[in-house]
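Survey of secondary and tertiary structure
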Amino acid sequence: MYGYRYYWGFDWTYLLLVIGMFLSMAASGRVKSTFARYKGVRSASGLTGAMAAQRILRAAGIFDVQIVRVRGSLTDHYDPRTKQLALSDDVFDSSSLAAVGVAAHECGHAIQHATGYGPLQLRSAIVPVANIGANISWPLFVAGLIFSIQPLITAGIVLFSLAVLFQLVTLPVEINASSRALQNLRSLGILGENEINGAKKVLSAAALTYVAALASSILQLLRLLILAGGRRRDD
């Protein structure tokens, strides 16, 4: 009975979740405010996000990627399965430094895909198991605690670790895409040297969201390990 009260009552490990939530919220707020700031700064070239993306892809010798519009804000992404580069309403038709920077970043992913960039291939390979881990790890873990079934607890921890691994692999993929973006913006003359810094700030802020996501996942994994250790001591 003591173990049940410990796991379902308040305990200090909730602080790990609070810290993770704070990091994620702070990173999200940072990227939104930085994007909003440079969303109002028009690039000297006048190229929109879609136009910049097309120029970067063509320069990289990529002609089979379709540039499409997607609803929402900061919903931009590249889908390697369909070879579609989706740009949000704030990016597709905008010629701001923020829009051009984000479009170039997504082109970075398309170039990674075209050149067989290792970390991207690894991330794509673990997506299915990472999704499974994220969805069923906690139910298995909680069921293991309630019914004192150690294999379920272990399975929950292992599956959640796969989700953490996905976040870990994602970080270098995103950083590399931003590095490629800035290089292309400079070498192709899409942004001038005095404009590159603005795009870099937008991409750096976006990278912080992935750092925060990884930190939050690690804190959640740590909490699982602490709770599992507490159950064993109660036994």
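The structure under discussion appears in the preceding block.
Conventions and cut-offs
Residues numbered from 1 in each chain as written. Predicted model: local features only at pLDDT ≥ 70, side-chain atom pairs only at ≥ 80, totals over all residues. Heavy atoms only, no water. Pairing = 2+ DSSP bridges. Helix = DSSP H or I, 4+ residues; strand = E, 2+ residues; numbered from the N terminus. Axes fitted to C-alpha atoms, helices over the stretch in contact; angles between N-to-C directions. Phe/Tyr/Trp six-rings, centres within 6.5 Å; stacked < 30°, edge-to-face > 60°. Buried < 20%, exposed > 50% of the residue type's maximum accessible area, 1.4 Å probe, protein only. Expected span 1.5 Å × (residues − 1). Core = buried A, V, L, I, M, F, W, Y, C linked by side-chain atoms within 4.5 Å. Contact = heavy atoms within 4.5 Å. Salt bridge = Lys/Arg side-chain N within 4 Å of Asp/Glu carboxyl O. Parallel < 35°, antiparallel > 145°, perpendicular 65-115°, else oblique. Left-handed = near helix turned anticlockwise from the far one by under 90°. Nonpolar A, V, L, I, M, F, W, Y, C, P; charged D, E, K, R; others polar.

**Section: the sheet that holds strand β2 (residues 77-79)**
Backbone hydrogen bonds are what pair the strands of a sheet, in a parallel or an antiparallel way. In space, the 3 strands of this open sheet follow the order β1-β3-β2, with mixed pairing throughout. Only two strands of the sheet have a single neighbouring strand rather than two, namely β1 (66-70) and β2. Strand-to-strand twist in this sheet, taken as the mean axis angle between neighbours without regard to direction, amounts to 25 degrees.

**Regarding the packing of aromatic side chains**
Describing an aromatic ring pair means giving the distance of the ring centres and the angle of the ring planes. Inspection of the entire model under this criterion finds 1 aromatic pair. Centre to centre, the rings of tryptophan 138 and phenylalanine 141 are 5.9 Å apart; their planes meet at 75 degrees, and the pair counts as edge-to-face. Remark: phenylalanine 141 and tryptophan 138 occur in helix α6 (residues 118-147); sequence separation between them is 3 residues, near one turn of the helix.

**Re unusual backbone geometry**
If you check the backbone angles, lysine 83 has positive phi at about 55 degrees while not being a glycine. Although it is not a glycine, serine 148 sits at a positive phi angle of roughly 55 degrees. Its relative accessible area of 45% is what places serine 148 among the partly exposed residues.

**Looking at the pairing of strand β3 (residues 84-88)**
With respect to burial, β3 is a largely interior element, 4 of its 5 residues being buried. Two strands pair when backbone bridges link them, and β1 and β3 are joined in this way by 5 bridges, in the parallel orientation. Each residue of the ladder has a partner; that of isoleucine 67, found in β3, is leucine 85. Across 3 bridges, β2 lies against β3 in antiparallel orientation. The residue of β3 that forms the bridge with tyrosine 78 is leucine 85.

**Details of helix α7 (residues 150-187)**
Along its 38 residues, α7 runs 56 Å from first to last C-alpha, staying within 8% of the 56 Å computed at 1.5 Å per residue. Where α7 terminates, the next one or two residues include glycine 189, which has phi positive at roughly 70 degrees.

**A look at the nonpolar core**
Leu85, Leu87 and Leu185 are the most contacted members of the largest nonpolar core, which totals 34 residues. Elements with a contribution of two residues or more to this core: α2 (14-39), α3 (49-59), β3, α4 (89-92), α5 (97-115), α7 and α8 (193-234). Here the element with the most residues in this core is α5; it accounts for 10 residues. If near-sequence neighbours (up to four positions away) are discounted, leucine 87 is found in contact with Gly49, Ala50, Ala53, Ile67, Val68, Arg69, Val70, Asp76, Phe92, Ala103 and Glu106. With 12 residues, the next largest nonpolar core counts Phe141, Val164, Leu221 and Leu227 among its residues.

**Comments concerning the pattern of salt bridges**
Overall, the coordinates contain 7 salt bridges when judged by the stated rule. Note that arginine 123 is salt-bridged to glutamate 174, the shortest N-O span being 3.2 Å. Of the two residues, arginine 123 is situated in helix α6 and glutamate 174 in helix α7; the sequence distance between them amounts to 51 residues. Of the two residues examined, arginine 123 and glutamate 174, each falls in the buried class. Here glutamate 193 and arginine 186 are joined by a salt bridge, their closest N and O atoms 2.8 Å apart. Relative accessible area serves as the criterion here: at 41%, arginine 186 is assigned to the partly exposed category.

**A few points about the environment of methionine 25**
Counting through the fold element by element, methionine 25 comes out in helix α2. Between the alpha carbons of methionine 25 and serine 73 there is a distance of 16 Å; along the sequence they are 48 residues apart.

**Some points on the packing of α5 against α7**
Following both chains from N to C, one finds α5 and α7 inclined at 110 degrees, their axes separated by 7 Å at the closest point. When the interaxial angle is binned, α5 and α7 end up roughly perpendicular. Of the two possible hands of crossing, α5 and α7 adopt the one that is right-handed. Across the interface between the two elements, Val100, Gly101, Ala104, His105, Gly108, His109, Ile111, Gln112 and Thr115 from α5 touch Val173, Glu174, Asn176, Ala177, Ser178, Arg180, Ala181, Asn184 and Leu185 from α7. Partitioned by chemical class, the residues of the contact of α5 with α7 number 7 nonpolar, 9 polar and 2 charged.

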